[in-house]
Amino acid sequence: MWKFLEPKFTINKYIAMFLVTILNQEQYRYSYGRKCSQKNLRRSKIKLPITNTGKIDFEFMENYIKSLPYSSSL
């Protein structure tokens with residue numbers, strides 16, 4: 001089985017939904033002959049929310065998804 005993206009941090013369904021949405025917005029980069037490969041993904045930069053200390057703000061991501069109208073359906 002292929003594993004292209006495997007998180008190196010604790011993840012739940014809310015954080016996963018946030019990340020999937022961000023990744024789906026980047027798919028325009030990989031069209032018209034530009035194949036999405038591990039090499040291309042490693043060079044990609046994805047902007048994520050951070051805390052004041054500069055660490056990824058997982059709590060914000062989770063709370064944001066939970067605040068959406070249909071989050072109870074996840």
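Use the structure listed above.
Residues numbered from 1 in each chain as written. Predicted model: local features only at pLDDT ≥ 70, side-chain atom pairs only at ≥ 80, totals over all residues. Heavy atoms only, no water.

Trainee: Can you help me understand helix α3 (residues 58-67) in this one?
Mentor: For an α-helix, the turn length of 3.6 residues means that residues three or four places apart are oriented alike. What α3 keeps buried is the set Met61, Glu62 and Ile65. On an axial view of α3, the arc spanned by its buried residues comes to 95°, and they lie on one face. Opposite the packed face of α3, turned more than 90 degrees from it, sit the exposed residues Glu59 and Ser67. Elements that come into contact with the buried residues of α3 comprise α1 (13-25). (Buried < 20%, exposed > 50% of the residue type's maximum accessible area, 1.4 Å probe, protein only. Helix = DSSP H or I, 4+ residues; strand = E, 2+ residues; numbered from the N terminus. Arc of directions from axis to C-beta. Contact = heavy atoms within 4.5 Å.)

Trainee: What is the right way to read the pattern of salt bridges from this model?
Mentor: Side-chain pairs of opposite charge can arise whenever the charged atoms involved come near each other. Tallying each qualifying case throughout the model produces 1 salt bridge. The closest approach of N and O atoms between Glu62 and Lys66, which form a salt bridge, is 3.0 Å. In this pair, Glu62 and Lys66 both sit in helix α3, 4 residues apart, roughly one turn of the helix. According to the relative accessible area criterion, Lys66 is partly exposed, its value standing at 40%. (Salt bridge = Lys/Arg side-chain N within 4 Å of Asp/Glu carboxyl O.)

Trainee: What is the right way to look at the nonpolar core in this model?
Mentor: One broad trend across soluble globular proteins is that nonpolar side chains are buried collectively. Counting 7 residues, the largest nonpolar core is built from Tyr14, Ile15, Phe18, Leu19, Ile22, Met61 and Ile65. Contributions of two or more residues to this core are made by α1 and α3. Ranked by residue count, the leading element in this core is α1, at 5 residues. Not counting the four nearest positions on each side in its chain, Phe18 is found in contact with Leu48, Pro49, Met61, Tyr64 and Ile65. (Core = buried A, V, L, I, M, F, W, Y, C linked by side-chain atoms within 4.5 Å.)

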